Amino acid sequence: MQNDWQELLKEEQEKAYFKNLQLFIEEEYATTTIYPPREEIYRSLDLTSYADTKVVILGQDPYHGPNQAHGLSFSVVSSEAKFPPSVRNMFKELEADMGIARTDINLTDWAEQGILLLNTVLTVQAGKAASHRKKGWETFTDTIIQRLNEKEEQVVFVLWGADAKKKQVLITNPNHKVITAVHPSPLSAYNGFFGSKPYSQVNAYLEAVGETPISW
């Protein structure tokens, strides 16, 4: 972490659970293939500082295939990688909602505009979805959400799917806006994700509080 997050999370990183998590992660990177690359674990925080965060899109685990995960939820580092079905559905809804036909699956430009693309678990073993759950990452990323909840400036939290919606209990500050829907995965997208218009909702809220809308 190279910005204000470093100081905000310093105390958390001194806790016993986090030190144990780091020992586990070190062993994993030393003995098997882990995604994202080690230097990109905290890329979401590096690209979107605490001060600049105005939207949070919460994901679950990093992608567990090659050339995909790079530390940003839903984002894929390489256009040569497999196009994730959830992202395909996100872009389908984006076009229906705002008339934007996006094809670039690398969402770094969103992060650079103040969207914190945060996964609740920050690492995963290759080919093994959810393999690093319940190792401590959830406690750490809950703290990130709690710190954002403390901001006086308004933040829009976008929570898709049951796992993300569980985090809504951490968002108690009435200054903030929470947008929820089912997950954009093929298993659930037709049960309420399509037609939910999250992108126009985000921009309408940002404009209402005097913030620059997102260029999706």
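For the structure itself, consult the block above.
Within each chain, residue numbers correspond to sequence positions counted from 1 in written order. Totals for whole chains, interfaces and linings use every residue, but because this is a predicted model, local features are given only for residues with pLDDT of at least 70 and side-chain atom pairs only at 80 or more, for both listing and counting. Water and hydrogen atoms play no part in the side-chain values, which are based on all heavy atoms of the structure.

Q: Quick question: what am I supposed to make of the side chain of Asn173 here?
A: Tracing the backbone through its elements, the reader meets Asn173 in the loop between α8 (162–165) and β6 (177–181). For this analysis, a polar contact is any N or O atom pair within 3.5 Å, provided that within protein one partner can donate a hydrogen and the other can accept it, and provided that sequence-adjacent residues contribute only side-chain to side-chain pairs. Engagement of the side chain of Asn173 in a polar contact is seen with the backbone oxygen of Lys151, the distance being 3.2 Å. Should any heavy atoms of two residues lie within 4.5 Å, those residues are counted as being in contact. The contacts of Asn173, once residues within four sequence positions are left out, are Asn149, Glu150 and Lys151. Under the DSSP-based scheme used, a helix requires at least four consecutive residues in state H or I and a strand at least two consecutive residues in state E, with every element numbered from the N terminus.

Q: I tried to follow the nonpolar core on my own but got confused; where do I start?
A: Nonpolar side chains in soluble globular proteins tend to be buried together. Residues grouped as a nonpolar core are buried Ala, Val, Leu, Ile, Met, Phe, Trp, Tyr and Cys residues, joined through side-chain atoms within 4.5 Å. The rule is simple: take the accessible area with a 1.4 Å probe, protein chains only, and divide by the maximum for that residue type; under 20% is buried, over 50% is exposed, in between is partly exposed. With 33 residues, the main nonpolar core has Ile57, Met90, Trp110, Trp160, Val202 and Trp216 as its most contacted residues. Secondary-structure elements contributing two or more residues to this core are β2 (55–59), α5 (85–98), α6 (108–111), β3 (115–119), β5 (156–160), β6 and α9 (198–208). Dropping the residues within four chain positions of it, Met90 is found in contact with Phe74, Trp110, Trp160, Pro184, Phe193 and Tyr199. By size, the runner-up hydrophobic cluster in this structure holds 29 residues, among which are Leu21, Ile25, Val121 and Val155.

Q: Sorry if this is basic, but what is going on with the sheet that holds β3 here?
A: Two pairing modes exist for strands in a sheet, parallel and antiparallel, and in both the strands are linked by backbone hydrogen bonds. Strand pairing follows a simple DSSP-based rule, namely that at least 2 bridges must link the two strands. Spatially, β3-β2-β5-β6 is the arrangement adopted by the four strands of the open sheet, whose pairing is parallel. Each of the sheet's edge strands pairs with one partner strand only, and the pair in question is β3 and β6. On average, each strand axis in the sheet is tilted by 20 degrees relative to the strand beside it, whichever way the strands run. Taken together, the five bridges between β2 and β3 define a ladder with parallel strand orientation. Between N-to-C directions, angles span 0 to 180 degrees; the directions come from axes that are lines fitted to C-alpha atoms, helices contributing only their stretch in contact.

Q: I would appreciate a short explanation of the side chain of Asn119 in the present structure.
A: With respect to the helices and strands, the residue Asn119 is situated in strand β3. For Asn119, the side chain forms a polar contact with the main-chain nitrogen of Gln60, separated by 3.2 Å. When residues no more than four places from it in sequence are discounted, the contact partners of Asn119 are Gly59, Gln60, Asp61, Pro62, Leu72, Ser73 and Thr141.

Q: Please clarify how the pattern of salt bridges should be interpreted in this entry.
A: Oppositely charged side chains can form a pair if their charged atoms are brought close together. Take a side-chain nitrogen of Lys or Arg and a carboxyl oxygen of Asp or Glu: if they are within 4 Å of each other, that pair is a salt bridge. Scanning the model with the defined rule gives eight salt bridges in all. Where Asp163 meets Arg133, a salt bridge forms, and the shortest distance between an N and an O atom there is 3.6 Å. Taken together, the positions of Asp163 in helix α8 and Arg133 in the loop between β4 (124–125) and α7 (137–149) put the pair 30 residues apart, joining distant regions of the chain. With a relative accessible area of 29%, Asp163 lands in the partly exposed category. Among the ionic contacts, a cluster of salt bridges with common partners joins Asp61, Arg133, Asp163 and Lys166.

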